[in-house]
Amino acid sequence: MACMLSFSGKDYMGMQNQRSQGLKTIEGELLEAFTKGGFIDPEWLDNPQKAFFQRASRTDKGVSALKMIISLKLPPDDPTLVPEMNAILPPDIRLQSVVRVTKNFNCKSAADARTYLYLTPTFAFSPVTDTISESWRSTPETIDNVNKVLKTFNGSHYFHNYTSGKLPLEPSSRRHIYEFTCGQPFENDGLEYCILKIKGQSFMLHQIRKMIGMTMAVVRGHTSLSKIEETFGMDRIDIPRAPGLGLVLDEVHFDRYNKRYGSDGIHEPLSWAKVEDQVTDFRDNVVFADIMSTEKASHSMLDWMIHLGMHRFVPRHFEEDGESSPLIQAALHVARDTKLKDSLEDTNANTATENVDKDSEEAPSDASKNS
């Protein structure tokens, strides 16, 4: 069965179960609720693999999700499951629906795209010549300019500069972006906000936040639009990482699965259409409301922007700094060992030459002995 979830990640250490470490996570709360409700074997609580448990996507600490999918073995066609689970679960985690899926369904491998949202104050796009202020307001030209910059990320690129531990042209750093747009601004409690929306095949650690940080730097005028194209190249470029507060997983897409099985008469499509109103209500009144109230109180974006000017966006070779990639570490070790070996060989050779020369100078020749 596939469970369709919405949750606020504010008070959790991410999605992935970490009960053995005593950490509060979304999966930990779900498994406990399934156990309390009698929907799974109590033994599965600490061994979810026995229930064939799988998540469609992992979220980091504090990140919320509006349309998340998990799959596991559950009683089929139980009309009490959803209401009973929501009675047990905390209010910041909602089970929206349960759908029958194919026997070997794996929500992680079956997902073909993911969409994220980023809720941000619009003053993050104010020109560098303007005073940074929460009273700043955008213009239609501002939003047009943001969308122009976002468009440069569309398509397939090497995003090694937008994560850690990746080399230039490393195949695993090549990702495809389907859509990256900025919506119209709106006001809330004295601040103007806008929502960035990005849909991609998959994303790496920090990739989205760095793409947004780079966009803000370009729009503000800290660097040029052409610098984005350079970040896909061979050099290392230091890219600012936008605050994590506004990042939300909007939806995990299953278009291929729905096309193949959604209308076979046996399985239901993984569609949110029937619960769209509940999801929208949860987004506006729980997730977005919390993000905006936290921003108002903590000034997360304002504090981050004060340090944005420290980034110089100067290209440098990957070998010039300490990279954490195991590949680079291995390469550096080999290089150091090779240099050390060559140095020792040169030293030994020089020493041998000096000894030969010294012996030649100090040892009398047979001729001199006989003279």
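Everything numeric in this text was worked out from a predicted model, so none of it was measured.

**Topic: the state of the cysteines**
Then, number 1: Applying the stated rule across the entire model yields zero disulfides.
Then, number 2: Considering cysteine sulfurs only, C107 is the nearest to C3, which forms no disulfide, with 9.5 Å between them.
Then, number 3: Residue classification places C3 among the buried positions, given a relative accessible area of 0%.
Then, number 4: Cysteine C182 remains unbridged, with the sulfur of C194 as its closest cysteine sulfur at 3.7 Å.
Then, number 5: C182 gets classed as buried once you look at its relative accessible area, which sits at 6%.

**Quick look at the nonpolar core**
Then, number 1: In terms of nonpolar packing, the biggest core is built from 98 residues, with F34 and F254 touching the most fellow members.
Then, number 2: A total of eight residues in this core trace back to one element, the largest contributor, which is helix α5 (residues 207–220).
Then, number 3: Beyond its immediate stretch of four places on either side in the chain, F34 contacts C3, F39, I40, I70, L72, L74, L81 and M85.

**Quick word on helix α2 (residues 81–88)**
Then, number 1: Listed as buried for α2 are L81, M85 and N86. Looking down the long axis of α2, one finds its buried residues gathered within 120° of arc, a one-sided arrangement.
Then, number 2: The secondary structure elements touched by the buried residues of α2 are α1 (26–36) and β4 (93–99).

**Examining the packing of aromatic side chains**
Then, number 1: One pass over the structure, following the stated rule, counts 11 aromatic pairs.
Then, number 2: The interplanar angle of 75° and the centroid separation of 6.4 Å between the aromatic rings of F153 and F232 together place this pair among those described as edge-to-face. Of this pair, F153 sits in the loop between α4 (140–151) and β6 (155–158) while F232 sits in the loop between α6 (226–231) and β10 (247–253), placing them 79 residues apart in sequence. There is no split in this pair, since F153 and F232 are both buried.
Then, number 3: Aromatic side chains F186 and Y193 sit 6.1 Å apart centroid to centroid with 25° between the ring planes, which places their arrangement in the stacked category.
Then, number 4: Residue Y193 is classed as buried on the basis of its relative accessible area of 1%.
Then, number 5: Taken together, the ring pairs connect F153, F159, Y162, F180 and F232 into an aromatic cluster.
Then, number 6: For the cation-ring pair, R174 lies above Y158, with the distance from its terminal atom to the ring centre recorded as 5.0 Å.

**Here we look at the packing of α1 against α2**
Then, number 1: Following both chains from N to C, one finds α1 and α2 inclined at 120°, their axes separated by 9 Å at the closest point. By crossing handedness, the relation of α1 to α2 is classed as right-handed. Residue-level contacts link L30, A33, F34 and K36 of α1 to L81, M85 and I88 of α2.
Then, number 2: Class assignment for the residues of the contact of α1 with α2 results in six nonpolar, no polar and one charged.

**What about unusual backbone geometry?**
Then, number 1: In this model, F52 sits at a positive phi of 55°, which is unusual for a non-glycine residue.
Then, number 2: Considering the arrangement of structural elements, one finds F52 in the loop between α1 and β2 (54–55).
Then, number 3: Taking relative accessible area as the criterion, F52 reaches 61% and is therefore assigned exposed.
Then, number 4: Of note in this structure, D77 is not a glycine but carries a positive phi near 55°.
Then, number 5: Take D77: it is sitting in the loop between β3 (64–71) and α2.

**Quick notes on the pattern of salt bridges**
Then, number 1: A complete count under the given rule lists 11 salt bridges for this structure.
Then, number 2: Residues D77 and R100 are paired through a salt bridge, measuring 2.9 Å at the closest nitrogen-oxygen approach. One end of the pair, D77, is in the loop between β3 and α2; the other, R100, is in the loop between β4 and α3 (107–110), with 23 residues separating them in the sequence.
Then, number 3: Looking at D77, the relative accessible area reads 61%, which means it is exposed.

**So, the side chain of T215**
Then, number 1: For T215, the position within the fold is in helix α5.
Then, number 2: The residues touching T215, leaving out its near neighbours within four places in the chain, are F125, V146, V149, L150 and F153.

About the cut-offs
- Residues numbered from 1 in each chain as written.
- Predicted model: local features only at pLDDT ≥ 70, side-chain atom pairs only at ≥ 80, totals over all residues.
- Heavy atoms only, no water.
- Disulfide = S-S within 2.5 Å.
- Buried < 20%, exposed > 50% of the residue type's maximum accessible area, 1.4 Å probe, protein only.
- Core = buried A, V, L, I, M, F, W, Y, C linked by side-chain atoms within 4.5 Å.
- Helix = DSSP H or I, 4+ residues; strand = E, 2+ residues; numbered from the N terminus.
- Contact = heavy atoms within 4.5 Å.
- Arc of directions from axis to C-beta.
- Phe/Tyr/Trp six-rings, centres within 6.5 Å; stacked < 30°, edge-to-face > 60°.
- Lys NZ or Arg CZ within 6 Å of the ring centre and 35° of its normal.
- Axes fitted to C-alpha atoms, helices over the stretch in contact; angles between N-to-C directions.
- Left-handed = near helix turned anticlockwise from the far one by under 90°.
- Nonpolar A, V, L, I, M, F, W, Y, C, P; charged D, E, K, R; others polar.
- Salt bridge = Lys/Arg side-chain N within 4 Å of Asp/Glu carboxyl O.

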